[in-house]
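Each chain is listed here by its residues.
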Amino acid sequence: MNANLFSRLFDDLDDADRLAIETQDGRRVTYGDLIAFSGRLANVLAASGVRPGDRVAVQVEKSVPGLALYLAALRAGAVYLPLNPAYTLNELDYFITDAAPAVVVCDPLKAEGVKIIAAKVGAGVETLGAGGNGSLTEAAMAARPEFITVARAQDDLAAILYTSGTTGRSKGTMLTHDNLASNASSLVDCWRFTDKDVLIHALPIYHTHGLFVASNVTLLARASMIFLPKFDADIVIGLMARATVLMGVPTFYTRLLQNPALTHESTSHMRLFISGSAPLLAETHREWSARTGHAVLERYGMTETGMNTSNPYDGDRVPGAVGLPLPGVSVRVTDPETGTELPREAIGMIEVKGPNVFKGYWRMPEKTRAEFRGDGFFITGDLGKMDEQDYVHILGRSTDLVITGGLNVYPKEVESEIDALPGVVESAVMGVPHPDFGEGITAVVVCDKGADITEAEVLDALKDRLAKFKMPKRVIFVDELPRNAMGKVQKNILRVTYADIYSP
Ligand code: AMP
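Since we're looking at a predicted model, the values are computed, not measured.

### Topic: empty space enclosed by the protein
Tallied over the full model, the rule gives two cavities of 30 Å³ or more. Here the largest cavity is characterised by a volume of approximately 100 Å³. Lining the largest cavity are 14 residues, and of these Asn 179, Leu 180, Asn 183, Phe 212 and Gly 306 lie nearest its centre. Within the residue set of the lining of the largest cavity, elements represented by two or more residues are α7 (177–190) and α8 (208–220). Here the element with the most residues in the lining of the largest cavity is α7; it accounts for five residues. Considering only residue class, the lining of the largest cavity consists of six nonpolar, eight polar and no charged.

### Some words on the pattern of salt bridges
This structure, assessed with the given rule, holds 27 salt bridges. Taking the shortest distance from any N to any O, the salt bridge between Asp 314 and Arg 192 comes out at 2.8 Å. With Asp 314 in the loop between β14 (306–310) and β15 (324–325) and Arg 192 in the loop between α7 and β9 (198–201), the pair connects residues that are 122 residues apart, well separated along the chain. Accessibility expressed as a relative area gives 41% for Arg 192, which makes it partly exposed. One network of salt bridges, with partners in common, ties together Asp 14, Arg 18, Asp 195 and Lys 196.

### Quick notes on the sheet that holds β15
As summarised here, the arrangement of the nine strands in space is β2-β1-β10-β9-β11-β12-β13-β14-β15, forming an open sheet in which the pairing is mixed. Each edge of the open sheet carries a strand with a single partner, namely β2 (28–30) and β15. Sheet analysis places strand β1 (residues 19–23) next to strand β10 (residues 224–227), joined by three bridges and oriented parallel. Looking at β10, one finds that Thr 23 is bridged to Phe 227. Relative to β2, helix α2 (residues 31–47) is tilted by about 75°, and along the sheet it contacts β1 and β2.

### Quick word on the sheet that holds strand β25 (residues 474–478)
Here we have three strands laid out as an open sheet, ordered β23-β24-β25, and mixed in their pairing. Because the sheet does not close on itself, it has two edges, and the strands there are β23 (424–434) and β25. Mean inter-strand twist for the sheet, computed between neighbouring axes without regard to direction, equals 25°. Across the sheet, helix α13 (residues 411–419) is in contact with β23 and β24 (438–447); its angle to β23 comes to roughly 140°.

### Some points on the site of the ligand
Near the ligand lie 15 residues; those nearest to it are Glu 298, Arg 299, Thr 303, Asp 382 and Lys 488. At 3.0 Å from an oxygen atom of the ligand is found a side-chain nitrogen or oxygen belonging to His 207. Between Arg 299 and the ligand, the recorded distance is 2.8 Å, taken from a backbone N or O atom to a nitrogen atom. Across the complex, the protein chains shield 90% of the 500 Å² of accessible surface that the ligand would expose by itself. When residues in the shell around the ligand are grouped by element, the largest group, five residues, is from strand β13 (residues 297–302). Here the residues of the shell around the ligand are counted per class, giving five nonpolar, five polar and five charged.

What counts as what
Residues numbered from 1 in each chain as written. Predicted model: local features only at pLDDT ≥ 70, side-chain atom pairs only at ≥ 80, totals over all residues. Heavy atoms only, no water. 1 Å grid on protein atoms, 1.4 Å probe; cavity = no way out; pocket = protein on both sides within 12 Å on 5 of 7 lines; lining within 4 Å. Points joined across faces, edges and corners; volume = space filled by probe spheres on them. Helix = DSSP H or I, 4+ residues; strand = E, 2+ residues; numbered from the N terminus. Nonpolar A, V, L, I, M, F, W, Y, C, P; charged D, E, K, R; others polar. Salt bridge = Lys/Arg side-chain N within 4 Å of Asp/Glu carboxyl O. Buried < 20%, exposed > 50% of the residue type's maximum accessible area, 1.4 Å probe, protein only. Pairing = 2+ DSSP bridges. Contact = heavy atoms within 4.5 Å. Axes fitted to C-alpha atoms, helices over the stretch in contact; angles between N-to-C directions. Near = heavy atom within 4 Å. Polar contact = N/O pair within 3.5 Å; in protein donor to acceptor, adjacent residues only side chain to side chain. Areas by Shrake-Rupley, 256 points an atom, 1.4 Å probe, with all protein chains shown as cover.

Spelled out as structure tokens, the structure:
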């Protein structure tokens, strides 16, 4: 059998006329159309010199041709390398020179700048605009739709995704055909996807969430997706009457909750709301249940591993927990210093092993070695615990861990206490340089509109709930927290903003 992910997705397609994608402007793309288009694009890639194992770097807006291009790269045996359209030419320079792709596909508006960079590594440049215009689609129209999918082994690379990297250089995560296929198949089962499902796809497709979780799962299940260029609460609520699943980052859920049109009735056709990529506040989970009658299903994963854990489809979807290890995935919690496995309920480093775990960082063998244990477990960098029922709880990133006066403080614990205070929407807790303590615990808090809370009140409310060393030294109020496109709070930005607050 060909272990190429494309073959595993489509070889047993029963009905090419099934609907695969619907666009916001009402265009309907069947599985047959998508496969034929990917065949044309694979012919164009091959004709432009892409050989099996070559990288195809792609920085384009979200579109159906963009998704077909991902499938085409798989078919051609190439390694798909999606890049956030927000990256500047300066940032692209690093990715392109590091990955040395055979071809770079970019927006026509960027072609001039990209050509200069691509020339450094001898890569060709093709264009694909948001509206489907560009040299790539022009060539595809003249190409044949038939293409024999290149044979790949399970362990061959299917994609490289660069991690956002808050410190140091971004690392290229090498994902194999089997990493992606095994994870998609596991999620189809866990989340009970069928060909009756209609997914509201409002995530970007340069990230593991929108590309692998949302798209691979939908296609493998023969379900369909409504492809939205970006998230819009009114549009998403409007679509719920004929959709069945939403996959989102927590920001989707908090924004939807702010919309009065979100009700039991407007969500009654939906069967599943999934959240991930960043922590969903327990409060949001509860509010969502009260407003809609649906318990959000939270799952946990990362670029390097795909999905690791998921709250159960049947059974308790526990607010604030990221669920149980997926079948075939082993999760353990260890002492970050020694690597010794810790008992249930103890907080430590989350480590995972399974067919979902990536092959290593592109051209960084030392970094790869440093992040794996001798027995093959990957050290995720996430701190958390496993409870007596095997549910995993995330308490922060190891880079977020605050060491104040020699004592470790897990920001999530302080954040949970602050978030529970009346009038508080959310908070971010981090360590910033402190002349006496090394790092000073600092809380940045967002309050409800009109709430009148002071720093002294927050500290007073916390003092009986947190050990003194965990108490924030300062509480700062802001209108909103800085977030990246996936909804992750950018604590690195906050650390820079407040770097000097304890300066003498
Ligand atoms: P990325 O590689 O961009 O997908 O980011 C992965 C990181 O996002 C993980 O290592 C976690 O720190 C975080 N993350 C993903 N899902 C969750 C979740 N459900 N709750 C808390 N953090 C999460």
